[in-house]
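As a plain string of letters, each chain reads:
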Amino acid sequence: MLGEQSGIRFADVTLRLRLALGYALLFLIALALLEVALYVVLQGALEDEIDNALRDRAMQVERALIITNNDLSSERLSSDIFVLSPTSTGHELTAPGIHLRVIGLDGQTIAASSNIATRFPTDEDALDRAIRGRSITESVQISDTTVRVLYWPLRLGGRVRAVVQVGESMHTTERTMSETRSLLLIGGAIALASGLGGGWWLTRQSLRPVQRLTETVAGIAETGEFNRRVPQPEVHDEIGQLAITFNDLLDRLQLLLDRQRALVADTSHELRNPLMVLRGNLELLGHELPSTDRIEATTESIEEVDRMTRLVQDLLFLADADADSAIQHQDVALEALVAAIAEDAVLIATRDDGTREIVLEANDPIVVHGDIERLRQLIWNLVENAVRYTPAGGTVTLALRRHGPVAELTVNDTGIGIPPEHLPHIFERFYRVDTSRSRALGGTGLGLSIVRQIAEAHGGQVRVRSTLGEGSTFTVALPVVAD
């Protein structure tokens, strides 16, 4: 017991852990995508800001030269155009500021805003494209610092006269991105830990009703207390539906167990009397008896064996019908069966106490889809039951009529009738209105149960109406094969 409970709890914890890890993994993926997107967007925004500043400074130079009549002399450029940003020696690339260099069409430097600007490497391809009128932006490495450099064609008088090389150190940007990476990693770790803890708590809360349900079902299975029910959550979600389904299953199981107990009890009760009779007769046959007594004991024993044989056969059929394996389907001419059974019923209508009349009132030609032997058994059980409970001089009437897509078979008798309080139960197994009288008449108590089982297996139904002291009418409705 302890091992089984531990196994159940271990499986539950394992599922909880898998769900928590799954939530954490999905959360980590989403967080990583978000952080990467944020990092890329921030880096792009900072680079765009630097590029815009470089273009603004290059355009400022171009406008200033237009104002000064396109004077490209180094003296003019150095004194009037460049706003030099003083830098301390050794920190030119780490201090904020924009550095400019004007390059002539021959590739020589005309003027520069700072010492570091004069040391900018020249990309011949970028310079050539700028001379041809295209602006080029690229990143270059100077010492240990990345510098963003713009090659801007300087147009004066409608043509390119020089190229402005504008550069700005990305040291501040790189430091900002480095700090951002650190913050994103720290924030991601905190968020991941929170997500894992939250996922664990959430799955624990979500699976708690499942754990209670599992423990209850395990307890029911262990103790056999099938009258217990699993607790239903207040919220009618998937777990609530699972609890309802389990309770429905337990209801069905309880019903089947009750039927099984009743069947075993009724069967043992039904077999007890024949076995007692057989035992008594066998004991008598063990003594010296007159010939007439010996024949009587033997005849009675054979009758009891036949009765037990019929009982076993009926029980086997009901067991097969419960498994839906006893019915075979083919087209059956129902009127032929009714006519044959009405003719055979004449043979059992005469008993020791007198004769009953068998009347075939109507017999419409009808074809149904079903098992011919089981349908024969259905009709015969109804007729035999009617003959058994109809006194001498009475009448048993058969009628087969078609009502649209339904075939309606009625078996009416002028017998003793059935009390109203017994009508809802007469199709139950081993149910008898008058126990002693039924046994005396040779019934097993299963005939009407078999009738209902066969009718329902063919997609039909059976009903009864009866008046005490006047007789009963059984009606079977079956679907007709389409014309």
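Just so we're clear, the structure is a prediction, and the values are computed from it rather than from any experiment.

Colleague: Can you walk me through a negative patch on the surface in this structure?
Modeller: A contiguous patch of negative charge, built from Asp293, Glu296, Glu300, Glu303 and Asp306, is present on the exposed surface. Within the secondary structure, Glu300 sits in helix H7 (residues 291-322).

Colleague: Teacher, can you tell me more about the sheet that holds strand S2 (residues 109-112) here?
Modeller: Whenever strands of a sheet pair, they do so through backbone hydrogen bonds, lying parallel or antiparallel. Spatially, the five strands line up as an open sheet ordered S2-S1-S5-S4-S3, and their pairing is antiparallel. At either margin of the open sheet sits one strand with a lone partner, and together these are S2 and strand S3 (136-142). Within the sheet, the average angular offset between the axes of one strand and its neighbour, ignoring direction, is 25°. Contacts from helix H4 (residues 124-131) reach strand S1 (98-104), S3, strand S4 (145-156) and strand S5 (159-169), with the element oriented near 135° to S5.

Colleague: Any chance you could explain the pattern of salt bridges here in plain terms?
Modeller: Side-chain pairs of opposite charge can arise where the charged atoms are in close proximity. Following the criterion strictly, the structure yields eight salt bridges and no others. We note a salt bridge from Arg129 to Asp125, for which the minimum N-O separation is 3.2 Å. Linking Arg129 with Asp125, this pair stays in helix H4, spanning four residues, or about one helical turn. A salt bridge links Arg132 to Asp128; its shortest N-O distance comes to 2.1 Å. The exposure class of Arg132 is exposed, given its relative accessible area of 56%.

Colleague: For this particular structure, what's the right way to read helix H9 (residues 372-388)?
Modeller: For an α-helix the count is 3.6 residues per turn, leaving residues at separations of three or four pointing the same way. Here H9 is 17 residues long and its end C-alpha atoms lie 24 Å apart, about the 24 Å a rise of 1.5 Å per residue gives. Of the positions making up H9, those classed as buried are Leu375, Gln377, Leu378, Ile379, Asn381, Leu382, Val383, Asn385, Ala386, Val387 and Arg388.

Colleague: I keep staring at the nonpolar core and nothing clicks. Help me out?
Modeller: The nonpolar side chains of a soluble globular protein tend to be buried with one another. Among the nonpolar cores identified, the biggest contains 38 residues, and Leu334, Val368, Leu378, Ile379, Leu382, Val383 and Val476 are the most heavily contacted of them. Counting residues per element, the ones that place at least two in this core are helix H8 (334-349), H9, strand S11 (395-403), strand S12 (406-413), helix H11 (447-457) and strand S14 (471-479). Every residue in contact with Val476, bar those within four places of it in the chain, is listed here: Leu378, Leu382, Ala407, Glu408, Leu409, Ala455, Gln461 and Val462. Formed by 16 residues, the second largest nonpolar core is a distinct cluster that contains Ile50, Val102, Leu156 and Ala162.

Colleague: Just checking my understanding: could you explain the packing of aromatic side chains for this structure?
Modeller: In total, this model carries one aromatic pair according to the counting rule given. Between Phe427 and Phe474, the ring centres sit 6.2 Å apart and the planes meet at 90°, which makes this aromatic pair edge-to-face. Here the residue Phe427 occupies a position in the loop between S12 and helix H10 (435-440), and Phe474 occupies one in strand S14, the gap between them amounting to 47 residues. The pair Phe427 / Phe474 is uniform in exposure class, with both members buried.

Colleague: I would appreciate a short explanation of the sheet that holds S14 in the present structure.
Modeller: Read across the sheet, five strands follow the order S9-S11-S12-S14-S13 without closing on themselves; strand pairing throughout is mixed. At either margin of the open sheet sits one strand with a lone partner, and together these are strand S9 (357-363) and strand S13 (461-467). Going across the sheet, the axis of each strand differs from the next one's by a mean of 15°, ignoring polarity. Packed onto the sheet, H8 meets S9, S11, S12 and S14 and runs at close to 170° relative to S9. On top of the sheet, H9 reaches S9, S11, S12 and S14; it is set at about 25° to S12, its chief contact.

Colleague: Help me understand the side chain of Thr146 in this model?
Modeller: By the element assignment, Thr146 lies in strand S4. Of the polar contacts made by the side chain of Thr146, one reaches the side chain of Gln141; its length is 3.0 Å. The residues contacting Thr146, other than those within four sequence positions of it, are Ser139, Val140, Gln141, Ser169, Met170, His171 and Glu174.

The rules we used
Here the residue numbers are simple positions, counted from 1 along each chain's written sequence. A pLDDT threshold of at least 70 governs which residues receive local features in this predicted model, and a stricter bar of 80 or more applies before side-chain atom pairs are shown or counted, although totals over entire chains, interfaces and linings include all residues. Hydrogens and water are ignored here; the side-chain numbers use all heavy atoms of the structure. Surface patches are drawn from residues lacking salt bridges whose relative accessible area is over 30%; two like charges belong together within 9 Å, two nonpolar side chains (Val, Leu, Ile, Met, Phe, Trp, Tyr) within 5 Å. To measure how exposed things are, a 1.4 Å probe is used in the Shrake-Rupley method; for residues, cover is taken only from the protein chains shown. What makes a salt bridge here is a side-chain nitrogen of Lys or Arg within 4 Å of a carboxyl oxygen of Asp or Glu, nothing more. For the charge count, each Lys or Arg is scored as positive and each Asp or Glu as negative, with His and the chain ends excluded. Charge positions are represented by NZ for Lys, CZ for Arg, CG for Asp and CD for Glu. Note on conventions: DSSP H or I runs of at least 4 residues are helices, E runs of at least 2 residues are strands, and numbering of each starts at the N terminus. Only when DSSP finds a minimum of two bridges between them are two strands counted as paired. Helix axes are fitted only over the stretch in contact, all axes being lines through C-alpha atoms; the angle between N-to-C directions runs from 0 to 180 degrees. Two residues form a contact once any of their heavy atoms are found within 4.5 Å. Three labels apply to residues, based on accessible area from a 1.4 Å probe with only protein chains included: buried if under 20% of the type maximum, exposed if over 50%, partly exposed otherwise in between. The span expected for a helix works out to 1.5 Å for each residue beyond the first. We call a set of buried residues a nonpolar core when its members are Ala, Val, Leu, Ile, Met, Phe, Trp, Tyr or Cys and they connect through side-chain atoms within 4.5 Å of each other. Stacked, edge-to-face and tilted are the three classes for Phe, Tyr and Trp ring pairs, Trp counted by its six-membered ring, which pair at centre distances within 6.5 Å; planes under 30 degrees apart are stacked, over 60 edge-to-face, the rest tilted. Distance and chemistry together define a polar contact, namely a pair of N or O atoms within 3.5 Å, with one atom able to donate a hydrogen and the other to accept it when in protein, and with adjacent residues in sequence counting only for side-chain atoms on both sides.

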